[in-house]
Structures are given as structure tokens and as C-alpha cells.
There are 2 protein chains.
Amino acid sequence: MITGATARDIRFPTSQGLHGSDAMTPDPDYSAAYVTLTADDGLEGHGFTFTEGRGNELCVAAIEALAPRVQGLDLDEVRADPGEIFRRVTGDPQLRWLGPEKGVIHLATAAVVNAVWDMWARAEGKPLWRLVADFTPEQFVKAVPFQYLTDAIDPGSARELLEERDAGKDERRAEMERDGFPAYTTSAGWLGYTEEEIRRLAREAVAEGWNDVKMKVGGPPDEDARRAQIIREEIGMERRLMMDANQVWDVPEAIEKTLALREFEPYWMEEPTSPDDALGHAAIAEAIAPIKVATGEHCMNRVLFKQLMQANAIGVCQVDACRLGGVNEVLAVLLLAAHFGVPVCPHSGGVGLCELTQHLSIVDYICVGASLDGRLLEYVDHLHEHFTDPVRMRGGHYLAPEQPGYSAQIKAESLDEFEFPGGAAWRS
Amino acid sequence: MITGATARDIRFPTSQGLHGSDAMTPDPDYSAAYVTLTADDGLEGHGFTFTEGRGNELCVAAIEALAPRVQGLDLDEVRADPGEIFRRVTGDPQLRWLGPEKGVIHLATAAVVNAVWDMWARAEGKPLWRLVADFTPEQFVKAVPFQYLTDAIDPGSARELLEERDAGKDERRAEMERDGFPAYTTSAGWLGYTEEEIRRLAREAVAEGWNDVKMKVGGPPDEDARRAQIIREEIGMERRLMMDANQVWDVPEAIEKTLALREFEPYWMEEPTSPDDALGHAAIAEAIAPIKVATGEHCMNRVLFKQLMQANAIGVCQVDACRLGGVNEVLAVLLLAAHFGVPVCPHSGGVGLCELTQHLSIVDYICVGASLDGRLLEYVDHLHEHFTDPVRMRGGHYLAPEQPGYSAQIKAESLDEFEFPGGAAWRS
């Protein structure tokens, strides 16, 4: 039974190196609003939500408002109905006004929900992906919040889909344990880097064996083209180049600017406009085909993903592990994506997102999407050293996690050093 | 020049009387995250965002994160470009991650933005509606954040629309100063009331001269029908009866349940499903016509309103004064509504929302929508006594405010009494 919760404000001063710079966020300090749940038997559950620095304190305060809602929750209740985790955390009608199911309160929901899943996976002695992969279709469906989705998918049709994908599950699991999940890299193309750095990093990416590289766009058009030219020179035309505009454009401009970059053959254009604009993405998708529209890292909840898919607005679903309300809501989006035939390529990077999304992509492959066609998991080589169970990469693949839990735990010494504002990293 | 800001957590224990109870929120404590800005010349600006109790502290903390962004802002800068208010408050790239433009950070944006407008209107010695009504079309357009809207309306087309509506502006202003703005009442039909209370309140509403009454639905179908029956018995079929489901239904259920209430001739069905679901509202609107779909109090930003209108999903735009990012973003939605021909009937009630929305409806009538056809402003008779410039009602109309400012100021003694958790109202 869960008996305690502590929340901490952890910030890494990444803005000093312009890591993570893009058209909307020139200087993020990658941060985690971090929660540790404790149970009466000594078990712990770790979870966090990712932010870009200022405002992380709001997510910590929201965790403090939500954590009492899982006090007294017993893992046997969770085993009987994993949907109870999401219902508990989101079920306060007064707190609902603050969203509903979006923004600070939903980011904090992710931290608390994920911490309960982490505790549950530890209790079972399994990595989270394995806990979920071992669900029967019936158990899986119980974990999913179907509210507001039933015009697209309901428990009955979801169960049919999962039963259909049951064939080959063991083989896909063995494949994941052997080869891991394919990744692409974003480390080469941040906006804040110089042309020389971009060329060097693109060259290194090729040397390291990456077949898929992402760059940031949304600066002055001639600079975007110049940077794309440099990267294409290094990676050739046979590798995939993804582009990410980080929401800087209005709909007409997104179409115009994407078409102007056509000669560099972008595989997808990510976040071409406001993440909230399902109809705008649909208009862009129609105009820029065969270039795909990708979005998700700012997509607030399952209702928005439903609409993006109903409107044929996205060719790539970049679900985020902490923007949505934790594992339960991510499972809902995996089902929607499979139902609509949209490949899932989770948003990753930041701090700790890679640690979480590797579990989600593996679950998607084994249980839901059941294909690797067009599936790639973002990889950014930052801050993994602070985790007790960090990602392990081999040949451009994420190796399947083996330790029990959701890989969400930050080392105790890192928590102390980077706690804001009192930690050593911030006092100096 | 703005030199100081204080934020306070103000909560009214309304849950004790089941005022405001609906299908999603059985027991709200109407609350305000309240900000007072001060200028070096002694001028003050008051603003707040409305919440339902728990979590109000998150909005207070978000105000504290945002208020430093207007420190040093001079009213002459605002006069030269009123869009600067919105850009300043929303322009922190790290804080943007927490929305963007939604949830806690956007609720707090409303408080700070509205406080600057309140200060500006006080400086001009005008009620806010008059400050805006006196704008030239050029000044009006400068105040509006067009980002992400230009596929529907851009500064050029907005200016044309405003210039076209310039004819008759003086007459409409005189009409507002003489007659005020027409209202409807929600005080009769809360879910928590007994059938006897509902009958008595509906009878009183008729006796008081109300022609339009709203009730809450979304409970068990036979109870909804029973309550509608009672209200129709009291108000007759010639008055308008609006219904509000407060998001309890999925899309197929919303259609079924609304059609089951058809015999009571609802004028609109409000919040039939998730506020985020533009496509879902479009499907409902098509299925339940000629009953109109109304939504807005939970609509997070102008991008969602744009889609609701592009998709013909709403017949009534219930913009909220504090859910959107303050006056600037509301003006954007008024323009969208006029462009798409959707009547604006702002969400109101709560604490202080009536005080704000009366200004917005009057601005809409004088400058933008320029019609009273299908326009009604919600009125709820709660908590007005705590304001220094409370609404004044006459014959089912809001009288045009006359005091300088945005009518947002809560009395000093009320702030002290209802401050949470230290005020006298909470200590007992």
C-alpha cells in the first residue's frame, strides 16, 4: 500500500551549451519534477515529468496536489484493475478545472501515474515493457481510459485488435530482447550550433552508423536550406532526414516553407504549427504529401490524438511519455494509432524521456502496432548518466531494458547535486 | 511603469450549499487566484483567474512566475501597441513548455494580462469596454494575437471587418448605455438542488422577468427528463431553455441523450463532450440540429475556437474571460466568431466572471459582432457583493459598467476574510 510521496525540483543547466536549442526554445534547462512514492513494505516507485526549466516548480506543486490521491492505493487493487491508477490521479473534480487533462496538472499526472507503474513493475520483478507485454488483451483494455474515445475505438474493438495482434507476440518479444528497438538521432541538428559543428556532428552520426538524422528548422529560410544542404552533403540522399519546425509557423507559412525545403527530401516535417491545431495539420498534410506530418510532443491528451488521426492530419504519432497522463493514456494512444494505421515514433530526449519511451515503443511493437515499418524511436545523447538504469544503445538500437521498473529513477547523488535552487550545481 | 505585483489565494466555501453543482463538479469552492499590480505613480491594476477550489494555489504560483514579465512595462508602450501585453506575459520560452497556452499557465496568463488592462483602463478613466470601444480598427487589430489564426483571419481581413462594423457604432454604444446587455439565468437548474427547489427557482425566474433559463443535465436520463419537465411546466414552451451537460458524455452518447430530451425543446446543448474535441462537436452538431451546440468555458485558447468554427461544430461561442489569455486573446475570438457568423454568449458565473464578461459582450456588440441576435450573457447571482464595482442588473439586462477599469477588484475586507488558508472564513 502506498503510504508516502516526496516531490523534488531537479534542473540541469543545459542552457549553458545550447543543447536542445530550437526555433521556440533558444535556451532550455532540461528539468524533471520528480516524485518518489513509498509503500508500507519498503517498495519505491519513481516518476517524473519533463520541463524546460522555469516553471518546473509549478509541476512539483501540482505533484504535491495530486500525490495524496494515491495514498492508500494497494497494488492488489492495481493488479485487479490497472485503470484505477489513472482514475485515482485524475479524479478530483476541483483540480479538473485546471485542465481538464492538459498543461501543468496533466504533466504532474504523468509523474504520479508513472511512479505507480514503476512501483508495480518493481513489485513484479519485471521491466515495465515486460509487465505490459505479459497482459492478456482483457487486462490491457482495463488499463486504458476510453472516455471521449468511443466514437473511434471502444473496449470491444480494442480487445479485438489486441487479440488479432496476439499472433507472433512471442517472436516479436524475442526479437526485441535480441536486437532492441531502432532509433534515430537528433543530436546533430540543433539550431544553436554553428555550421561547422553541424557538419562535424552529421559526419560523426554517419560514422556511428545512424541511418536517420533529424535537424531543426524554422529559422530564416536561407539558413534552414544551408544547414539542410550541409547535412545532406554528409549523410547523402539515401539516409532519412527528418525536419522539426517546433511550431513556429502558421498554417499557410508551414506549407510554403516545407515545400521550399522539398529538394532536401525531408522524410517528415515535425510540429509545423500549433500542436493544438488538428485541422491545420490536416491542411498541411494534404499540401506537403508525400512528406509526412509528425507531431506529438506537445499534444496534450488522447482526445487531440484521436482528432489528428480522424482528420488524417498526421503520418507519424510522436506520443510523449510525460505530456500525456502517464502509461495508461499512452496505451490509449497506441491503440488509436494501430486502429488508424499511423506509426508511433515517440518524442524523446530531454531528460529521462529516452529511458521511458524505450519501454513504450517495445510495448507497441510486441502488443499493439506489431510492426517496425516506419517506426523509429528518437535518441538524444544527453543526461543518461544520471539514471540508475540508463538506456543502452547498440548499432542504432535501444536494447530492451532488463531491470525491474520503468527506468525512471535518477541517482540519489544527481538528485542532490541538481536540486533547484539548493543543489551544488545551482549554488555556484 | 509597473513596479510591483502581489498574488493571493482567495477561496469562497460555496461547496457547503451545492451552488454551482453539475455533472462533473459536485462540490466546487469558487476561487480566484488574484493579482494586484502597482505602478510607480500609485496606479493599481487588479486581475484574477477563476478556479473551483483545490489547485488555486497552482494558479497563484503561476502568477508569481509570470508577473515579473510585466515589471518595468510602461503604459505608453501599451498605448502604442496593446499586443505587447500578451506578448510579454506569454513570451517566456521555458514556461511555454507548460502549456503551450493552456492549463494552469494560461489561466495565470489571464490574471496578469487582465490586470494590465484594468490598470490601463483606470489610467484612461474609462470602463474597459469603453477603452476598447474607442479604439480605431487599427488599434484593435494591434491588440490581437493572430499567431496560428491566419488561415482563418489575418490582420488585414480583421481590419476590414472592423471598418465595416464601424457604421452604427455610436448608436450601439448609446443603446448599451441606455438598455444594457441581455442576460439569461443559470441560478435555477443546478444538479444538486431538489425537485422542489428547482420548481421554486424556475417560478421565481419567471416572476423576475427572465425569458431564458438554463438547467444542468448529464445525470440519470429519467432524472434529467423529470427536471426538464418541471422547469418547462414553470417557464412554458415560449421561453428558451438551455441545457448544460458539463462534458459527461462521449460523442455517440451525447447525440443519443440530447435527442432523448428533444421534446423539451432545448435551445442549445452545452458542453456535450470533451471541450477539446472539435471534430466530436461537429458530429454532434450535425446530428442534433436544429438544437445548437454550445461550448467555451473549458476551451483553452484561440486555436481551439478557430477549429470549432472552421468545422461548423458550434452554434454558440461561450468564450471565457479567464480561461483564455486575457482581453487580447478574447478579442481574437470575438473576431473569429464575427468572421464565421457564430454568436458570442460568454461563459459567466463563478466568482467575478460576470463582472468581466459584461465588458466583453458590450465590446462585441459595439465593435465586432454588431448584433444582439442570439446573443445572451450568462448571469448567476453569486458572490457579487465582494466586488468594488459589482454588476448591476435591470430587467434581465446587465447595465453598462461606469467605473474606470475592468470591474475586477475584490474588496480588501473580502480578500482578507476569504484568503486561503489563513482568512477568517477558513480558520473556523
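Residues numbered from 1 in each chain as written. Chains lettered and ligands numbered in written order. Predicted model: local features only at pLDDT ≥ 70, side-chain atom pairs only at ≥ 80, totals over all residues.

S.K.: Would you mind showing me how to read the interface of chain A and chain B here?
M.R.: Facing 53 residues of chain A, the contacting portion of chain B comprises 53 residues. Where the side of chain A that touches chain B is concerned, the elements lending two or more residues are helix 1 (56-66), helix 4 (93-96), helix 5 (103-124), helix 12 (251-260), helix 13 (278-288) and helix 14 (302-310) of chain A. Residues of the side of chain A that touches chain B, tallied by class, amount to 25 nonpolar, 17 polar and 11 charged. (Contact = placed C-beta atoms within 7 Å. Helix = DSSP H or I, 4+ residues; strand = E, 2+ residues; numbered from the N terminus. Nonpolar A, V, L, I, M, F, W, Y, C, P; charged D, E, K, R; others polar.)

S.K.: Would you take a moment to explain the pairing of strand 2 (residues 31-39) of chain B for this structure?
M.R.: In summary, the side chains of a regular strand alternate between the two faces of the sheet. All names here are of chain B. Burial analysis of strand 2 places 7 of its 9 residues in the buried class, the great majority of the element. Pairing of strand 1 (residues 2-11) with strand 2, which is carried by 9 bridges, proceeds in the antiparallel orientation. Of the residues in strand 2, the one forming a bridge with isoleucine 10 is alanine 32. Here strand 2 folds back onto strand 3 (residues 44-51), and the loop between the two strands holds 4 residues, one of which, glycine 42, carries a positive phi near 90 degrees. (Buried ≥ 20, exposed ≤ 12 C-beta atoms within 10 Å, placed from the backbone. Pairing = 2+ DSSP bridges.)

S.K.: Before we go on, may I ask you to explain the relation of the copies chain A and chain B in this structure?
M.R.: Think of it as a corkscrew move, a rotation about one axis and a shift along it, taking one chain copy to the other. Laying chain A over chain B is done by rotating through 180 degrees and shifting 0.0 Å along the axis; what remains is an RMSD of 0.0 Å. The transformation just described matches what one would write down for a two-fold rotation axis. Across chain A, the rotation axis passes nearest the C-alpha of Gly103(A), at a separation of 2.2 Å. (Least-squares fit on C-alpha atoms with pLDDT ≥ 70 in both.)

S.K.: Looking at this structure, how should I read the sheet that holds strand 3 (residues 44-51) of chain A?
M.R.: Within a sheet, neighbouring strands are paired by backbone hydrogen bonds and run either parallel or antiparallel to one another. All names here are of chain A. Strand order in this open sheet of 3 strands is 1-2-3, and the pairing throughout is antiparallel. The outermost strands of the open sheet, each flanked by one partner alone, are strand 1 (2-11) and strand 3. When strand polarity is set aside, the average angle formed by the axes of neighbouring strands in this sheet is 15 degrees. The pairing of strand 2 (residues 31-39) with strand 3 spans 8 bridges and is classified as antiparallel. Bridge pairing in strand 3 links serine 31 to threonine 51. Of the strands in this sheet, strand 1, strand 2 and strand 3 are in contact with helix 1, which crosses strand 1 at around 175 degrees. (Axes fitted to C-alpha atoms, helices over the stretch in contact; angles between N-to-C directions.)

S.K.: Is there a simple way to explain the environment of Ala283(A) in this structure?
M.R.: Relative to the helices and strands, Ala283(A) is located in helix 13. Considered as a pair, Ala283(A) and Pro252(A) are 31 residues apart in the sequence and their alpha carbons are 8.9 Å apart. Beyond its immediate stretch of four places on either side in the chain, Ala283(A) contacts Val251(A) and Asp151(B).

S.K.: Whenever I open this one, the pairing of strand 7 (residues 266-270) of chain A confuses me. Can you help?
M.R.: All names here are of chain A. Most of strand 7 sits out of view: 5 of its 5 residues are buried. One ladder, built from 3 bridges, connects strand 7 with strand 8 (residues 292-295); its direction is parallel. By the bridge assignment for strand 8, methionine 269 is matched with valine 293. Traced from strand 7 through helix 13 to strand 8, the parallel crossover comes out right-handed. (Right-handed = clockwise from strand over helix to strand, strands pointing away.)

S.K.: Please clarify how unusual backbone geometry should be interpreted in this entry.
M.R.: Among all residues save glycine, negative phi is the norm, and among peptide bonds the norm is trans. Residue and element names in this part refer to chain A. In this structure, the amide linkage connecting phenylalanine 420 to the following residue, proline 421, adopts the cis form with an omega of 0 degrees. Along the chain, proline 421 falls in the loop between helix 17 (412-418) and helix 18 (424-427). Phi angles above zero are rare outside glycine, and alanine 370 is one such case at about 60 degrees. Tracing the backbone shows alanine 370 in the loop between helix 16 (353-368) and strand 10 (377-379).

S.K.: Hey, could you run me through the sheet that holds strand 1 of chain B in this one?
M.R.: Residue and element names in this part refer to chain B. Read across the sheet, 3 strands follow the order 1-2-3 without closing on themselves; strand pairing throughout is antiparallel. Two strands in the sheet have a free side with no partner beyond their single neighbour: strand 1 and strand 3. Neighbour-to-neighbour, the strand axes of the sheet open up by a mean angle of 15 degrees, direction not taken into account. Each of strand 2 and strand 3 is contacted by helix 5 (residues 104-124), which is oriented at about 150 degrees to strand 3, the strand it contacts most.

S.K.: What is the right way to look at the packing of helix 9 (residues 169-179) of chain B against helix 16 (residues 353-368) of chain B in this model?
M.R.: Think of two packed helices as two axes; the pair is described by the angle between the axes and how far apart they sit. All names here are of chain B. The contact between helix 9 and helix 16 brings their axes to 8 Å, and the two run at 155 degrees. Here helix 16 runs roughly antiparallel to helix 9, going by the angle between their axes. Note on element contacts: helix 16 touches helix 9 through Ile362, Tyr365, Ile366 and Cys367, opposite Lys169, Arg172, Arg173 and Met176. Among the residues making up the contact of helix 9 with helix 16, the classes are represented as 5 nonpolar, no polar and 3 charged. (Parallel < 35°, antiparallel > 145°, perpendicular 65-115°, else oblique.)

S.K.: Whenever I open this one, the environment of Ser31(B) confuses me. Can you help?
M.R.: Residues and elements named next belong to chain B. Assignment of secondary structure puts serine 31 in strand 2. Taking C-alpha positions, serine 31 is 5.7 Å from phenylalanine 50, a pair spaced 19 residues apart along the chain. Once you skip the residues sitting within four places of it in the chain, serine 31 turns out to touch Ile10, Arg11, Phe12, Thr51, Glu52, Gly53, Asn56 and Val351.

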